[in-house]
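Structure at a glance
Listed here are the chains, written in short residue letters.
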Amino acid sequence: MNYKITVLPGDGIGVDVTREAVVCLQTIATKFGHDFVFESHLMGGCALDKVGVPLPDETLKAAQASDAVLLGAVGGPQYDNNPPRLKPETGLLALRAGLGVFANLRPAFLHETLIDASPLKPEIVRGTDLLIVRELMGGAYFGQPRGVDDERGWNTMAYTVPEVERVARVAFEAARLRRKKLHSIDKANVLESSQLWRKVVVRLAAEYPDVELHHGYVDACAMQLVMRPTDYDVIVTENLFGDILSDEASVLTGSIGLLPSASIGGKANAVGLYEPIHGSAPDIAGKGIANPIGTIASAALLLRYSLKLEKEARLLEDAITATLKSGYGTPDLKSQPNRVTTTQMGDLIRKYIGTH
Ligand code: IPM
Ligand code: MN
């Protein structure tokens, strides 16, 4: 089959890690006889530098016209004082909105081999395997009014019934395919937007009697995640809470460099966006030490959700697991005995694909 994949390396280590993921996808294509056509475009700080905007029209159009989008990371300290419309992060938010991807799936799975890389005690963290479903197109990230003047800065956290319903549905469906347990996380003791959130989730639960539903407050969830991470299967939460909780969940598994994400929408032909959850880490860019696994695992999710190539996705994930099991790791994975570079890690993963 023929597929068009838009690649947006972005800034910093985004360039290093997408390179490895693209070569992995090429290896998969060759092995299974697919034809993947990759097209790279500017996005983030590099787009600001070259054409003056963080998300050029041409990039958004190309992304919308492809089967899936693979993104590295965006941002850098040189843009920190830019006005909002000229920030790399604004380009990322516009891309998410432009693709209509309202559900961001962030799995946090502990590879048994990396148990000593986790900051938690092995007996607490062993068996951690959870999925955060983060709402991606609403809440404080997009709510109006927003602004800042000399005296005040303000944002609006707002949700409508359909916005909650569509992301909750994704979460219920995901729970159904996993251990059938869903935690809806909110701050309903304080926030009205959370009260509506909870009401909608409760109503929808009637359609999913096979899924065990729990509600929790975000502050308590932040605590439970480090005390009893194995209590969780699927977590569904609003945009900002999901941003924070997913960073927390990621370090439980050893390194933020490991974790992938898939941003998907409701329509059958929606273009999915796949990116690691880490940032652009400009301090280590180009040094060959960035962990490419978060992006390679995102490429596996791309195969699964956008291209519907489950066998291929699984082989790529098996290759990651096997390579970690053999003791290889980039410097962020301190407990791994065999230290390798970004490219060596990619090569090892590709070698496994070639031989399995
Ligand atoms: C993430 C990032 C982004 C977010 C930034 C870069 C806009 O932190 O993908 O989690 O806050 O959503
Ligand atoms: Mn984040």
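Calculation notes
Residues numbered from 1 in each chain as written. Chains lettered and ligands numbered in written order. Predicted model: local features only at pLDDT ≥ 70, side-chain atom pairs only at ≥ 80, totals over all residues. Heavy atoms only, no water. Helix = DSSP H or I, 4+ residues; strand = E, 2+ residues; numbered from the N terminus. Rg over C-alpha atoms; globule rule 2.2 N^0.38 Å. Buried < 20%, exposed > 50% of the residue type's maximum accessible area, 1.4 Å probe, protein only. Contact = heavy atoms within 4.5 Å. Areas by Shrake-Rupley, 256 points an atom, 1.4 Å probe, with all protein chains shown as cover. Phe/Tyr/Trp six-rings, centres within 6.5 Å; stacked < 30°, edge-to-face > 60°. Near = heavy atom within 4 Å. Polar contact = N/O pair within 3.5 Å; in protein donor to acceptor, adjacent residues only side chain to side chain. Pairing = 2+ DSSP bridges. Axes fitted to C-alpha atoms, helices over the stretch in contact; angles between N-to-C directions. Patch = residues over 30% accessible without salt bridge, like charges linked within 9 Å, V, L, I, M, F, W, Y side chains within 5 Å. Salt bridge = Lys/Arg side-chain N within 4 Å of Asp/Glu carboxyl O.

**Focus on the overall build of the protein chain**
When helices and strands are tallied, the protein chain shows 12 helices and 14 strands. Relative to its length of 356 residues, the protein chain is compact, with a C-alpha radius of gyration of 20 Å against a globular reference of 21 Å. Residues counted as buried form 53% of the 356 residues belonging to the protein chain. For the protein chain, the proportion of contacts with a sequence separation of at least 24, taken over those separated by at least 6, is 75%. Carbon and sulfur atoms make up 55% of the accessible area of the protein chain, which amounts to about 15300 Å² in all.

**Some words on the packing of aromatic side chains**
Under the counting rule described, the total for this entry stands at four aromatic pairs. On the numbers, 6.3 Å between centres and 85° between planes, the contact of Phe36 with Phe38 is edge-to-face. Phe36 sits in the buried class, given a relative accessible area of 8%. Classification of Phe38 by relative accessible area gives partly exposed; the value is 21%. Ring plane angle 75° and centroid distance 5.4 Å describe the contact between Tyr159 and Trp197, whose orientation is recorded as edge-to-face. With Tyr159 in the loop between strand E7 (153-154) and helix H6 (161-176) and Trp197 in helix H7 (residues 192-205), the pair connects residues that are 38 residues apart, well separated along the chain.

**Observations concerning the site of ligand 1**
By nearness alone, every residue bordering ligand 1 is listed as Glu89, Arg96, Arg106, Arg134, Tyr141 and Asp243. In this structure, Arg134 approaches ligand 1 through a side-chain N or O atom, which is 2.8 Å from an oxygen atom.

**Thoughts on the sheet that holds strand E5 (residues 129-135)**
One open sheet holds the 10 strands; their spatial order is E2-E1-E3-E12-E11-E4-E5-E10-E8-E9, and the pairing between them is mixed. With partners counted over all chains shown, the strands left at the sheet margins are strand E2 (35-40) and strand E9 (212-217), one partner each. Averaged over neighbouring strand pairs, the angle between their axes works out to 25° when direction is ignored. Where strand E8 (residues 181-186) meets strand E10 (residues 234-237), four bridges bridge the pair, whose relative direction is parallel.

**A few points about the environment of Thr342**
Here Thr342 lies in helix H12 (residues 342-354). As a C-alpha pair, Thr342 and Val17 span 325 residues in sequence and 7.3 Å in three-dimensional space. Setting aside chain neighbours within four positions, we find Thr342 in contact with Asp16, Glu20, Gly288, Ile289, Ala290, Pro292 and Thr330. Polar side-chain contacts of Thr342 include one of 2.8 Å to the backbone oxygen of Ala290.

**What to know about a nonpolar patch on the surface**
Taken together, the side chains of Met223, Val226 and Met227 present a nonpolar region at the surface, about 250 Å² in accessible area. Residue Met227 is classed as partly exposed on the basis of its relative accessible area of 44%.

**Things to note about the side chain of Arg134**
Looking at the secondary structure, you find Arg134 in strand E5. Take Arg134: its relative accessible area is 1%, and that puts it in the buried class. A distance of 2.8 Å separates polar atoms of two side chains, one belonging to Arg134 and the other to Asn239. Leave out the neighbours within four places in its chain, and Arg134 touches Arg96, Phe102, Ala103, Asn104, Arg106, Tyr141, Val167, Thr237, Glu238, Asn239, Gly242 and Asp243.

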